[in-house]
Amino acid sequence: MMGRDDIAVGVGGDGGISDDGRIYPNVGGYFAIIEQEMSTVGGCRYRQTIPQGANGRLDVNTNYGIRRAFLPQGNRRYFPLQQPTIQQMMIDTISAGPTTVFLMGTHTNFALFLMSNPYLKKNVEHIYIMGGGVRSHNPTGCCSKSSISCVPQQCEDHGNMFTAYTEDPYAEFNIFGDPFGAYQVFHSGIPITLVPLDATNMIPITENFFKAFEQMQSTYEAKYCFESLKIARDTWLDNQFYTNYFMWDSFMTGVALSIMRNGERPNGENDFAEMEAMNITVVTSNEPYGVHDGSNPFFDGRVRPKFNLLDGGVHSGHVLTGLDDPFCVMEGSIKGKCQDGYTKEVQGPDSVAALVAVKAKPNKNANSPLDREFFNNFLEVLNRPAHSGRFNFTNQFPHYKEVMYKPDFRNRIRGMPVMFDMDMSPGDFIALLCLLKVNIEAIDLKGILVSGNGWSNPATIDVIYDVLHMMGRDDIPVGLGSITALGAPELGCKYVKAIPHGSGGGLDTDTLFGLARMLPRSPRRYTAENSKKYGTPRDTAHPGIRQPLAFEVWQQVTGELGPTDKMTVLTNGPLTNIANIIISDTKAKSMIEQVYIVGSHLVDGEGEEGNLFTVPSNKFAEFNFFLDPKAAKTVVESGLDITVIPLRAQRQVSSFGKVLRSLRAAEKTPESSFVYRLLLLMQKLQKKHQAYSHIDMFLGELLGSMFLVQQSHLNYSINEKAISVGSGHVTMDGQTILDETSGKLVKVLDRLDPDSYYAELAKLLAAKKQSALVDSFDEQKRMWSKANYKGRDDPGFVR
């Protein structure tokens, strides 16, 4: 949008830190340094304080849904093993000459850079840090004098971590994300300017500023920023937006640019904030120091501390282990005592001198409705015509038209009603294409449920919308399910921590290995828009386009069934959504004809291991069952007619070579070509890098949809077996055991002929009937760039 495709972007990296403290090249910043090992698999000691769903990562990842609605689509995109890593990007940039560094989030990546490349410190002239709280007083959560029942939360405390107040009221999110990493940055010897909560707590968004911003949107970037601010206001959980929402990052940038623009002035004075020199540090552990209680992996159980740290020093105390850490809870108080991540004012040898913004300056013009000097500059800079944005998405293409493809099935006899439950792994998207290829007389795909606690980020729901748009099925509702496993806390990563963050894991599944951007762009998308009708405090600007939840889609679809109709359910991920439906809807069991479960690994004494390669202590579980063992147990014991498609059957059809040969020999359709390209890329990655050694397991996920739609053409055998699902301990979670004594009878797909399966898969994807209406984003670009463009199918079709 801003015409800066020249700027390098680094992401991830598959390096790690060895047990003896060696930092490997291209170490990914996926974890705080204290929990980083030689893998992108791991826990969330500090990250768990950030909510996963709405009002948390889901909204941030999509910018409340505005990102896809507004930003143009550039030519650059992520591509596996070719995306520059963060570490290499920093080395290249800082090696080139004197550099100023802005740190707007956690300090992990830059700390690792400094620890690995001390010789390049000389090229870093200054570090501007957004975060922390030194003498700050949190203005939120205070009770009015007239209040009788109010319980103060965070009132007047240093930090802002509303999710961890009862453990750590001193820290701010950016510093808390990696206290040891922040300590390395603060103590690097490089000049530091800190813009903490002390100053940013003094610039809440006022109604006057909001109105002024609403009237000043002359550039694309101003429009985008205002829309972002507006949806944040409209989705605020209470009526305190104008006192609780602060312009943290933009204020930090303003302070930093003011200092840089005006050069050194006495005491670091600048246009927007009062500055003060202080001696500070970052607290990384809690007293008493040197007492090893199992919380601190830098010291506990080691003959020599990691990174040669001093035993008994400031890093050797208790480190907060999580949101249920009893060490940090003070008896009789809602306020915790741990200080991990506290930017503390101290004296002595462990302190560093820093220039700290302590107060936001008032507007020099006392008659202005804007009460902060920064607000004037912010609006002026954002609306400058110089270096402004080139276009937004709708203006990127002169003949852009938003079209919804909804087929007319009024004169068609509909087949088996099917609900598809998926967690958006690569195999799930191919399975979805298979379901969409089947004639409506055979399979009537009624709705899609999305598991938010599986292989992909919940925001990947946008890719589902794109696939449906590609295939002309914008009529199919998509419901977003639970973000956590059944019975698991809303904050945490109890089971999903087994999924890699980097290559071969979340980074690739979230982007369909970089190919999701090739798909046509749907007018539907995830959005935070909502209304009072669904329990929110207020209606947003467009409440009618809200994202439905999984249970709502279930109720809608089953409510539209005929009196004798029943639903068939196909699950391709953890069973969280189906378990929740069974628990919440007393009529659910009577509405379900049968359930096909792609998952489980039957432990039968023959020694064949499951596919849970990231949890060595659990050799016999399968990922879908492990990711929510309680849900799997609930569904298996529900008494429903269940057909299980276990790992053994999936492995019979998990050959990249064979499926690619079948697709290569078949007729070409847009969907078969896309699947071929995706699988070919996955095969090449598996051969090239150890991080991708497991990805052939995604091929097995196609078997459920193929068995459902092409059952009569497959040579297979099914047997009834009594099974039970283990849960309660990581070593047995998700294990599926043959249990003739107390197990539940289910049908199990034991064997099938791989050759007939591969042939039928290729035949289905190559069928010209029910093929894609728009094959790619490139085709859309041609449509939107020429007024009279005629594609294969004009909008407004009837299938």
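Numbers given for residues are sequential positions, taken from 1 along each chain in its written order. Only residues with pLDDT of 70 or above have their local features reported here, since the model is predicted, and side-chain atom pairs are shown and tallied only from 80 upward, although totals for entire chains, interfaces and linings are computed over all residues. For the side-chain quantities, the full set of heavy atoms in the structure was used; hydrogens and water were omitted.

In the nomenclature of an unreviewed UniProt entry, the chain is known as Inosine/uridine-preferring nucleoside hydrolase domain-containing protein of Urochloa decumbens. UniProt positions are given in the numbering used here, feature names are shortened, and annotations may be inferred rather than shown by experiment. Recorded under Sequence similarities (unreviewed entry), the UniProt text for the chain is reproduced unchanged: "Belongs to the IUNH family."

Colleague: Looking at this structure, how should I read the pairing of strand E10 (residues 567-571)?
Modeller: Sheet faces and side chains relate simply in a regular strand, where the side chains alternate between the two faces. Judged by how many residues are buried, E10 sits mostly within the fold: five of five residues are covered. The side-chain alternation of E10 yields two buried faces, one formed by Met 567, Val 569 and Thr 571 and the other by Thr 568 and Leu 570. A pair of strands is labelled paired if DSSP reports no fewer than 2 bridges between them. Only DSSP runs of H or I reaching four residues or more are called helices, and only runs of E reaching two or more are called strands; each is numbered from the N terminus. Note: strand E7 (residues 416-422) against E10, four bridges, orientation parallel. Paired with Met 419 across the bridge in E10 is Val 569. With a 1.4 Å probe rolled over the protein chains alone, any residue whose accessible area is under 20% of its type maximum counts as buried; one over 50% counts as exposed, and the rest are partly exposed.

Colleague: Explanation requested: the packing of helix H18 (residues 576-584) against helix H21 (residues 629-636) in the structure shown.
Modeller: Each packed pair of helices is defined by two parameters, the angle between the axes and the distance between the axes. In contact at an axis separation of 8 Å, H18 and H21 are set at 55 degrees when each is read in the N-to-C sense. Here H21 runs oblique to H18, going by the angle between their axes. You can see that H18 and H21 cross each other, and the crossing is left-handed. For the pair formed by H18 and H21, the contact residues are Thr 576, Ile 578, Ala 579, Ile 582 and Ile 583 on the first element and Ala 631, Thr 634 and Val 635 on the second. Of the residues that constitute the contact of H18 with H21, the class distribution is six nonpolar, two polar and no charged. Between N-to-C directions, angles span 0 to 180 degrees; the directions come from axes that are lines fitted to C-alpha atoms, helices contributing only their stretch in contact. Here the angle decides the label: under 35 degrees means roughly parallel, over 145 means roughly antiparallel, 65 to 115 means roughly perpendicular, and every other value means oblique. Here a crossing is called left-handed whenever its near helix is offset anticlockwise from the far helix by less than a right angle, and right-handed whenever the offset is clockwise. When checking whether two residues touch, look at their non-hydrogen atoms; a contact exists if any pair is within 4.5 Å. Any residue that is not Ala, Val, Leu, Ile, Met, Phe, Trp, Tyr, Cys, Pro, Asp, Glu, Lys or Arg is counted as polar, Gly included; the first ten are nonpolar and the last four charged.

Colleague: Got a minute to help me understand the sheet that holds E7 in this structure?
Modeller: Strand pairing in a sheet is mediated by backbone hydrogen bonds. Such pairs are either parallel or antiparallel. Strand order in the open sheet formed by ten strands is E9-E8-E7-E10-E11-E13-E16-E14-E15-E12, and the pairing between neighbours is mixed. Strands with a single pairing partner mark the edges of an open sheet, and in this sheet they are strand E9 (478-480) and strand E12 (602-603). Looking at chain direction, strand E11 (residues 592-598) and strand E13 (residues 642-645) are connected through four bridges and run parallel. Counted as the bridge partner of Tyr 596 is Thr 643 from E13. The strands touched by helix H15 (residues 461-470) are E7, strand E8 (443-450) and E9; relative to E9, the strand with the most contacts, the crossing angle is about 175 degrees.

Colleague: Help me understand a nonpolar patch on the surface, please; the structure alone is not making it clear to me.
Modeller: Like charges within 9 Å and nonpolar side chains (Val, Leu, Ile, Met, Phe, Trp, Tyr) within 5 Å are joined into patches, using only residues over 30% in relative accessible area that form no salt bridge. Here the open area of atoms and residues is found with the Shrake-Rupley method and a 1.4 Å probe, where only the protein chains shown may cover a residue. Salt bridges are defined as contacts in which a side-chain nitrogen from Lys or Arg sits within 4 Å of a carboxyl oxygen from Asp or Glu. Taken together, Phe 102, Met 104 and Leu 257 make up a surface patch of nonpolar side chains, about 220 Å² in accessible area. Structurally, the position occupied by Met 104 is in the loop between strand E1 (99-103) and helix H4 (108-116).

Colleague: Mind showing me how you'd approach the pairing of strand E4 (residues 273-282) here?
Modeller: Inspection of the sheet shows E4 paired to strand E6 (residues 352-360) by eight bridges, in the antiparallel sense. Residue Met 278 lies in a different strand from E6, and its bridge partner there is Ala 354. Where E4 and strand E5 (residues 343-345) come together, three bridges link them in antiparallel fashion. Considered in E5, the bridge of Thr 281 is made with Lys 344.

Colleague: Any chance you could explain the nonpolar core here in plain terms?
Modeller: Only buried Ala, Val, Leu, Ile, Met, Phe, Trp, Tyr and Cys residues count toward a nonpolar core, and they belong to the same one when joined by side-chain atoms within 4.5 Å. The biggest cluster of nonpolar side chains holds 128 residues, and the ones touching the most others in it are Phe 209, Phe 251, Leu 432, Ile 448, Ile 464, Leu 679 and Tyr 757. Element by element, the count of residues in this core is highest for helix H14 (residues 426-437), at eight residues. Tyr 757 has contacts with Val 653, Leu 699, Leu 702, Leu 703, Met 706, Leu 714 and Leu 752, leaving out every residue within four places of it along the chain. Ile 86, Ile 129, Phe 173 and Val 185 belong to the second largest nonpolar core, which has 51 residues in total.

Colleague: Is there a simple way to think about a positive patch on the surface in this case?
Modeller: Together, Lys 658, Arg 661, Arg 664, Lys 668 and Lys 768 line one region of the surface with positive charge. Summarising the element assignment, Lys 668 is placed in the loop between helix H23 (656-665) and helix H24 (670-688). For Lys 668, a relative accessible area of 45% gives the class partly exposed. Asp and Glu count as negative and Lys and Arg as positive, but His and the ends of the chain are not part of the count. For this purpose, a charge sits on NZ of Lys, CZ of Arg, CG of Asp or CD of Glu.

Colleague: Quick question: what am I supposed to make of helix H8 (residues 207-215) here?
Modeller: For an α-helix the count is 3.6 residues per turn, leaving residues at separations of three or four pointing the same way. What H8 keeps buried is the set Phe 209, Phe 210, Ala 212 and Phe 213. Summarising the axial view, the buried residues of H8 lie within an arc of 165 degrees, below the 170-degree limit, and thus occupy one face. Summarising the geometry, the arc corresponds to the directions from the helix axis toward the C-beta atoms.

Colleague: Before we go on, may I ask you to explain the side chain of Asn 383 in this structure?
Modeller: Assignment of secondary structure puts Asn 383 in the loop between helix H12 (373-382) and helix H13 (393-396). Of note is the side chain of Asn 383, whose polar atom sits 2.8 Å from the backbone oxygen of Leu 379. Those residues in contact with Asn 383 that sit more than four places away from it in its chain are Met 216, Gln 217, Ser 218, Thr 219 and Ala 222. Polar contact criterion, stated in full: a pair of N or O atoms within 3.5 Å, where within protein one must be able to donate a hydrogen and the other to accept it, and residues adjacent in sequence count only if both atoms are side-chain atoms.

Colleague: I'm lost on the sheet that holds E6 in this one. Help?
Modeller: If you walk across this open sheet you meet the six strands as E1-E2-E3-E6-E4-E5, and the pairing is mixed. Two strands in the sheet have a free side with no partner beyond their single neighbour: E1 and E5. Strand-to-strand twist of the sheet, defined as the mean angle between neighbouring strand axes without regard to direction, takes the value 35 degrees.

Colleague: Would you mind going over helix H26 (residues 754-766) with me for this structure?
Modeller: For a helix, the expected span equals 1.5 Å multiplied by the residue count minus one. If you check H26, its first and last C-alpha atoms are 18 Å apart, about what 13 residues at 1.5 Å a residue would give, namely 18 Å. All buried positions along H26 are accounted for by Ser 756, Tyr 757, Tyr 758, Glu 760, Leu 761, Ala 762, Leu 764, Leu 765 and Ala 766. Turning to H26, the residues buried within the fold contact H14, H23, H24, helix H25 (703-710) and strand E16 (744-752).

Colleague: Got a minute to help me understand the environment of Gln 780 in this structure?
Modeller: Position of Gln 780 relative to the elements: it lies in helix H27 (residues 777-785). Setting aside anything within four residues of it in sequence, one finds Gln 780 in contact with His 469, Pro 520, Arg 521 and Val 774. In this structure the side chain of Gln 780 is engaged in a polar contact, spanning 2.5 Å, whose partner is the backbone nitrogen of Arg 521.

Colleague: How should the environment of Val 255 be read in this particular structure?
Modeller: Locating Val 255 in the fold gives a position in helix H11 (residues 248-262). Taking the C-alpha atoms as reference points, Val 255 and Ala 360, 105 residues apart in sequence, are found 9.5 Å from one another.

Colleague: Sorry, what's going on with the packing of aromatic side chains here?
Modeller: Note on aromatic pairs: the rings of Phe, Tyr and Trp (six-membered ring only in Trp) are paired at centre separations within 6.5 Å, and the planes decide the class, stacked below 30 degrees, edge-to-face beyond 60, tilted for the rest. Scanning all chains against the criterion turns up 36 aromatic pairs. Between Phe 241 and Tyr 242, the ring centres sit 5.3 Å apart and the planes meet at 75 degrees, which makes this aromatic pair edge-to-face. Definition used: whenever NZ (Lys) or CZ (Arg) falls within 6 Å of the ring centre and also within 35 degrees of the ring normal, the charge is taken to sit over that ring. Lying across the ring of Tyr 24, Arg 22 places its NZ or CZ 4.2 Å from the centre. If you follow Arg 521 out to its NZ or CZ, it ends over the ring of Phe 393, 3.7 Å from the centre.

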